[in-house]
Amino acid sequence: MAALGWLTPRRRSATARSVLAGEASAEAARKTAQALEGTAGIDADAGPPAESEEAAGQAAVEEAEPAEPEFPVAGDDLAAAFFDLDNTVMQGAAIFHFGRGLYKREFFHRRELARFAWQQAWFRLAGVEDPDHMQDARDSALSIVKGHKVCELMAIGEEIYDEYMAERIWPGTRALAQAHLDAGQKVWLVTAAPVETATIIARRLGLTGALGTVAESVDGIYTGRLVGEPLHGPAKAEAVRALAAAEGLDLERCAAYSDSHNDIPMLSLVGHPYAINPDTKLRKHARAHDWRLRDYRTGRKAVKVGVPAAAGVGAIAGGAAAAIALHRRRK
C-alpha cells in the first residue's frame, strides 16, 4: 500500500507504481501459468466441491426461478474469469495464514505472531481490508523474508497450504471457478498476497494461474523490496488489463469476482462483475449498478438472483512480501 494510505476506489486512480505492479504481476503470471498448464480442473487430491444441504436447498429455489442466459458461455476463448482471493475464494487472508506457518518454522518470534493473529482476527470479524493493518502486514513480511531464497519460500508455501489454507476454501466460489474451467475458459486469482503464494493456491485448485504482488529478488534471493507496490485496488485493475492484452481477451466478455469495495476498479473493467461475500460498500455499489451478488457466509439468498448455474450446486492483503514470482531486477 502506498505510504500515504489508500483512498477509496472512486477517488484513487492508477499511479506509475500501480501500473508497474500490474505489469510485473501479469508478466510473472504468464510465466508461472506455463508451469501449471495441463493441470486445469479441481485438484484430484481435494475431491469435488462439497454441496451442503443448505446449498442443495438453495439450488432448488433457484431452479424454480426464471432461467437466465447460459453463463459462462462454453467455448468462448476470448473470455476469462478473475477471482480475488481473501474472503472471496478463501476464508480470511492468505498472508496471515502464511505468517502462522512461518512462525511454526521459527522465521520470527512470538511478538510478530501476536501481531499476525490480531490482524487476522480483525480481518475475519470486520470482513474488510484495513489499510493500516495491511501496511503493517506487508512491512512485517518483507523484513521476515529478506535474504531468504525464493525456492525455500516456495517449498514452505506448499506445506503451509496443506496445514492452514486447504480447509478454508469456500465451496461455492470454488464451484464458480470450476464452471468457467468447464466452459473452456482460463481462471486467474488476483490478489495482494505474494504471487508465489497465490500461484501455489491456484495450482492446488486447478486454476490457470495467479496475479499477485511481486517482490524483488536478485539471484534467487529476496531483497526486501517490491516491484512497484502491492497488487491492491487500482493495481489489480492494471494487472488484469495487462494480462488481458497479452492474452488477447475481450474484457467485456470476462468475469471478475470479489468481496471488497477496494476491488471496484477491477470489477468495473469486465462485462460480468460479481460481488461475493461483499462488504457493505461493495454491496451498496453492486445494488446501485445492478451487479450480481452471492453471499456464502450465511447461506442467505443473493440480493440479485443472477449467478452462474454452478453457484447453486457447488455451494481466499495484504501482504506483499513473503513470496513471489521469480522476478529479477532489470539491468
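Cut-off values and rules
- Residues numbered from 1 in each chain as written.
- Predicted model: local features only at pLDDT ≥ 70, side-chain atom pairs only at ≥ 80, totals over all residues.
- Heavy atoms only, no water.
- Pairing = 2+ DSSP bridges.
- Helix = DSSP H or I, 4+ residues; strand = E, 2+ residues; numbered from the N terminus.
- Axes fitted to C-alpha atoms, helices over the stretch in contact; angles between N-to-C directions.
- Contact = heavy atoms within 4.5 Å.
- Core = buried A, V, L, I, M, F, W, Y, C linked by side-chain atoms within 4.5 Å.
- Buried < 20%, exposed > 50% of the residue type's maximum accessible area, 1.4 Å probe, protein only.
- Parallel < 35°, antiparallel > 145°, perpendicular 65-115°, else oblique.
- Left-handed = near helix turned anticlockwise from the far one by under 90°.
- Nonpolar A, V, L, I, M, F, W, Y, C, P; charged D, E, K, R; others polar.
- 1 Å grid on protein atoms, 1.4 Å probe; cavity = no way out; pocket = protein on both sides within 12 Å on 5 of 7 lines; lining within 4 Å.
- Points joined across faces, edges and corners; volume = space filled by probe spheres on them.
- Salt bridge = Lys/Arg side-chain N within 4 Å of Asp/Glu carboxyl O.
- Expected span 1.5 Å × (residues − 1).

Spatial ordering of the open sheet is given by β3-β2-β1-β6-β7-β8, a layout of six strands whose pairing is parallel. Taken across any chain shown, the strands that pair with only one partner, and hence form the sheet edges, are β3 (209-213) and β8 (292-294). Taking the axes of each pair of neighbouring strands and ignoring which way they run, one obtains an average angle of 20 degrees across the sheet. In the sheet, strand β2 (residues 186-194) pairs with β3 via four bridges, with the strands oriented parallel. Within β3, the position partnered with W188 by the bridge is G209. Its contacts with the sheet put helix α7 (residues 171-182) on β1 (80-84), β2, β6 (255-258) and β7 (272-276), and the angle it makes with β1 is roughly 160 degrees. Contacting β1, β2 and β3, helix α9 (residues 234-247) crosses the sheet at an angle of about 145 degrees to β2.

Judged by nonpolar contacts, the single largest core of 43 residues is most densely connected at F83, L102, L189 and Y257. The element that contributes the greatest number of residues to this core is helix α6 (residues 150-165), accounting for seven residues. In terms of nonpolar packing, the next biggest core, distinct from the first, is built from 30 residues, A21, W188, L231 and M266 among them.

Our focus in this paragraph is the packing of α6 against helix α8 (residues 195-204). α8 packs onto α6 with a crossing angle of 50 degrees between their chain directions and a minimal axis gap of 9 Å. Our classification of the angle between α6 and α8 gives oblique. Handedness of the α6/α8 crossing: right-handed. Across the interface between the two elements, V150, L153, M154, G157, E158, Y161, D162 and M165 from α6 touch E196, T197, I200, I201, R203 and R204 from α8. A breakdown of the residues in the contact of α6 with α8 according to their chemical character gives seven nonpolar, two polar and five charged.

One number sums up the size of the largest cavity: a volume of about 60 Å³. Lining the largest cavity are eleven residues, with T173, R174, A177, L205 and L207 positioned closest to its centre. For the lining of the largest cavity, the per-class residue count stands at eight nonpolar, two polar and one charged.

According to the stated counting rule, one finds 17 salt bridges in the structure shown. Residues R204 and D162 are paired through a salt bridge, measuring 2.5 Å at the closest nitrogen-oxygen approach. Here the residue R204 occupies a position in helix α8, and D162 occupies one in helix α6, the gap between them amounting to 42 residues. Across the salt bridge formed by D295 and R283, the nearest N and O atoms sit 3.0 Å from each other. In this pair, D295 is assigned in the loop between β8 and α12 (310-314) and R283 in helix α11 (residues 280-288), connecting sequence segments twelve residues apart. An identical accessibility class is assigned to D295 and R283; each is buried. Salt bridges here are not isolated pairs; linked through shared partners, they connect K104, R105, E159 and E163.

With that settled, consider α9. Taking 1.5 Å as the rise per residue, α9 with 14 residues should run 20 Å; its terminal C-alpha atoms sit 20 Å apart, in good agreement. Looking at α9, one finds that the buried residues are P234, A235, K236, A237, E238, A239, V240, L243 and A244. Trailing α9 by a residue or two, G248 shows a phi angle of about 70 degrees, which is positive.

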